[in-house]
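Chain residues, written in single-letter form:
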Amino acid sequence: MEAASSSLHNLPFAISPSIRSSHRLPAPLLSRASSLFFSQKALHLRTAAAEAAATVNFCSIRRRKHCVASSSAEVLVSRGKGDGRQVEEEAMGEREVNKGLLDLKSWMHDNGLPPCKVVLKERPSYDAKHQPIHYVAASEDLQPGDTAFSVPNTLVVTLERVLGNETIAELLATNKLSELACLALYLMYEKKQGKKSFWYPYIRELDRQRGRGQLAVESPLLWSDSELSYLTGSPTKAEVLARAEGIKREYNELDTVWFMAGSLFQQYPYDIPTEAFSIDIFKQAFVAIQSCVVHLQGVSLARRFALVPLGPPLLAYRSTCKAMLTAADGAVELVVDRPYKAGEPIVVWCGPQPNSRLLLNYGYVDEDNPYDRISVEAALNTEDPQYQDKRMVVQRNGKLSIQVFHVYAGKEKEAVSDMLPYLRLGYVSDPAVMQSVVSSQGPVCPVSPCMERAVLDQLSDYFRSRLAGYPTTLAEDESLLAGCNLNPKKRVATQLVRLEKKVLHACLQVAVDLIHQLPDNSVSPCPAPYSPYLR
């Protein structure tokens, strides 16, 4: 059977087409370890008894069943009043897990995982309140082409199992909920099953990881406002806020999904999602799924998003790696692309994602990312009397009236050269010149020294303006990163903005060098009443 590869780029996380949760897996679980699915920034528990039970993170408000979290790092499912015995039994189960009787890998072997060449190890978390970070490492020396592990489909959570094939087309047609939101809703419900769930060891592990990548940093979606200020000046901050709004929109559709998805409605007829789970809980769950979902290639729609035990976040991502989780022969397997010594962490590729996306989705930045880039948006002036002619010309040359130019690290000169013809066209004001451009077949239009100076001045001013939007300079970022006491969120945010600034500085230098190459760089720029916009 031909293998199908996986990658995680271009995932439609918060705004993708809908899928509803309809068919149950063997009930996944609820954990009590550090909560990933349930917010640590909790609402106040409604009873004094619940407040006294500081180790219990969730209570059930029977009429309005919002799950709420305490300041404790321990997590329990939403319970009704009088469930003390059940809580005590789960506490005993948790101690068993801590003794290793139900650890993730043993559970997987007990349920069909064949012998593999990996082991689970741990590294300390930067926050003593959080449990150590687990990761997958080689249990023996590996060579390129070796299969590290092969997880049978019976241990993989997919929408095929959650929904059932017969309902997928109908649920997708409603176009309301993304695949990730569907998985998050399903696991929130299944978490309420407690340790009775088949999936208890896996979801417990997800809770333990708390949506943290291997740098122990959560997605900025879970950062406080003060922590988001670390990203001031970066377009990533706006992306975080937009993604958060998308999650809110999906949350507002959960009740419709619950009603449409027959199995969820039948299993939880009184647990209306928006009453059973608050927006904060749903957001925690969504981010958790986002950090670990695998996008399988070449498989059916119902299987393209998968949660794979031993996969992310236990596997670390590296942009220069080419190994991917693949679907083949009733399993999801990992074939390594490089040699490993026993004990070394195993890494996989996450697709061609820029660092802004890596931080948003997985909480890390890759300094050696060959896919890292910034974006420059240029737009023709719609008030220009010659707008339609210019729009036709740019479309003829493969561009749009609102065009995004991607500037990759190390290729700034090529990117600026790609922008110049577009910007020059925007500066054309003489109708006769515009007609000659329309009648020509190439992208080049007549360029006078004053027009070129105007274009380069606008471009250099744009890069200076973006750099001025950051509260720190590149040199200050370098100094911060050289220190040893920078908290991980601040460090990863500083890494991101530092890399952005390096690209912006390089682009500015290209524009300045081109100005110096003009025959007479003292010439004044031409007036341009309808110059293009740069954003």
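Residues numbered from 1 in each chain as written. Predicted model: local features only at pLDDT ≥ 70, side-chain atom pairs only at ≥ 80, totals over all residues. Heavy atoms only, no water.

**Remarks on the state of the cysteines**
Then step 1. What the rule picks out here adds up to one disulfide.
Then step 2. Each sulfur of the disulfide joining cysteine 450 and cysteine 526 lies 1.6 Å from the other. One quick way to see it: the torsion about the S-S bond of cysteine 450 and cysteine 526 is about 45 degrees, and its sign makes the bridge right-handed. Within this pair, whereas cysteine 450 is found in helix α18 (residues 449–468), its partner cysteine 526 is found in the loop between α20 (488–516) and β13 (533–534), the two being separated by 76 residues in sequence. (Disulfide = S-S within 2.5 Å. Helix = DSSP H or I, 4+ residues; strand = E, 2+ residues; numbered from the N terminus.)

**Some remarks on the packing of aromatic side chains**
Then step 1. Considering all chains together, one arrives at 11 aromatic pairs under this definition.
Then step 2. Ring geometry for phenylalanine 282 and phenylalanine 286: centres 6.1 Å apart, planes at 55 degrees, overall tilted. Residue phenylalanine 282 and its partner phenylalanine 286 are located together in helix α13 (residues 279–292), separated by four residues, close to a single helical turn. For the pair phenylalanine 282 and phenylalanine 286, one class covers both residues: buried.
Then step 3. In textbook terms, an aromatic cluster arises when at least three aromatic residues are bridged by ring pairs, as seen for Trp107, Phe198, Trp199 and Tyr202.
Then step 4. The residue whose ring lies beneath arginine 123 is tyrosine 135, and the NZ or CZ to ring-centre distance is 4.2 Å. (Phe/Tyr/Trp six-rings, centres within 6.5 Å; stacked < 30°, edge-to-face > 60°. Buried < 20%, exposed > 50% of the residue type's maximum accessible area, 1.4 Å probe, protein only. Lys NZ or Arg CZ within 6 Å of the ring centre and 35° of its normal.)

**Description of the sheet that holds strand β3 (residues 147–152)**
Then step 1. With antiparallel pairing, three strands are arranged side by side in an open sheet as β3-β9-β8. On the outer flanks of this sheet lie β3 and β8 (325–328), each paired with one strand and no other. Strand-to-strand twist in this sheet, taken as the mean axis angle between neighbours without regard to direction, amounts to 25 degrees.
Then step 2. Summarising the sheet, β3 and strand β9 (residues 331–335) pair through five bridges and their orientation is antiparallel. Among the inter-strand pairings, threonine 147 is bridged to a residue of β9, identified as valine 335. (Pairing = 2+ DSSP bridges. Axes fitted to C-alpha atoms, helices over the stretch in contact; angles between N-to-C directions.)

**Structural notes on α13**
Side chains that are three or four residues apart share a direction in an α-helix, a result of its 3.6 residues per turn.
Then step 1. End to end, α13 covers 20 Å across 14 residues, agreeing with the expected 20 Å (1.5 Å per residue, within 8%).
Then step 2. For α13, a buried count of 11 out of 14 residues is recorded, marking the element as mostly surrounded by other parts of the structure.
Then step 3. Buried residues of α13: Ile281, Phe282, Gln284, Ala285, Phe286, Val287, Ala288, Ile289, Gln290, Ser291 and Cys292, and no others. (Expected span 1.5 Å × (residues − 1).)

**Structural notes on unusual backbone geometry**
Then step 1. With omega at 5 degrees, the peptide bond leading from proline 312 into proline 313 counts as cis.
Then step 2. Relative to the assigned elements, proline 313 resides in the loop between β6 (305–307) and β7 (316–317).
Then step 3. Even without being glycine, leucine 310 reaches a positive phi, approximately 80 degrees.
Then step 4. Mapped onto the elements of the fold, leucine 310 is located in the loop between β6 and β7.
Then step 5. A relative accessible area of 1% means that leucine 310 is categorised as buried.

**Section: the environment of leucine 221**
Then step 1. Within the secondary structure, leucine 221 is located in the loop between α7 (200–209) and α8 (225–228).
Then step 2. Given a relative accessible area of 3%, leucine 221 falls into the buried group.
Then step 3. When the C-alpha positions of leucine 221 and valine 240 are compared, they lie 6.0 Å apart, and in sequence the two are 19 residues distant.
Then step 4. Dropping the residues within four chain positions of it, leucine 221 is found in contact with Val240, Arg243, Ala244, Ile247, Lys283, Val287, Gln290 and Leu360. (Contact = heavy atoms within 4.5 Å.)

**Concerning the environment of leucine 325**
Then step 1. Here leucine 325 shows up in strand β8.
Then step 2. Taking the C-alpha atoms as reference, leucine 325 lies 7.5 Å from valine 335; in sequence the two are 10 residues apart.

**With respect to the sheet that holds β6**
Then step 1. Pairing within the open sheet is antiparallel, and its three strands lie in the order β4-β6-β5. Unpaired on one side and paired on the other, β4 (157–158) and β5 (294–295) mark the two borders of the sheet.
Then step 2. Contacts between helix α6 (residues 179–191) and the sheet are confined to β4 and β6, with β6 contributing the most and set at about 35 degrees to the helix.

**A look at the nonpolar core**
Then step 1. Counting residues in each nonpolar core, the largest one holds 85 residues, and the members touching the most others are Phe149, Leu183, Tyr202, Phe282, Leu307, Leu334 and Ile346.
Then step 2. Of all the elements, α6 adds the most residues to this core, at 10 residues.
Then step 3. Apart from residues no more than four positions distant in its own chain, leucine 334 is found in contact with Asp146, Thr147, Ala148, Phe149, Leu315, Ala323, Met324, Leu325, Ile346 and Val348.
Then step 4. Ranked by size, the runner-up nonpolar core spans 40 residues in total, among them Leu380, Leu423, Leu456 and Phe463. (Core = buried A, V, L, I, M, F, W, Y, C linked by side-chain atoms within 4.5 Å.)

**Some words on the side chain of glutamine 458**
Then step 1. By the secondary structure assignment, glutamine 458 is in helix α18.
Then step 2. Note on glutamine 458: relative accessible area 17%, which makes it buried.

**Overview of α6**
Then step 1. The terminal C-alpha atoms of α6, which comprises 13 residues, lie 18 Å apart, in line with the 18 Å expected from a rise of 1.5 Å per residue.
Then step 2. With 13 of its 13 residues buried, α6 lies for the most part within the structure.

**With respect to the packing of helix α9 (residues 235–251) against helix α14 (residues 355–362)**
Then step 1. Between α9 and α14, the least distance of the axes is 10 Å, while the angle of their chain directions is 40 degrees. What the angle tells us is that α9 and α14 run oblique. Classified by chirality, the crossing of α14 by α9 is right-handed. Only Ser356, Arg357, Leu360 and Asn361 of α14 make contact with α9, whose side of the interface consists of Thr236, Glu239, Val240 and Arg243.
Then step 2. When its residues are assigned to classes, the contact of α9 with α14 shows two nonpolar, three polar and three charged. (Parallel < 35°, antiparallel > 145°, perpendicular 65-115°, else oblique. Left-handed = near helix turned anticlockwise from the far one by under 90°. Nonpolar A, V, L, I, M, F, W, Y, C, P; charged D, E, K, R; others polar.)

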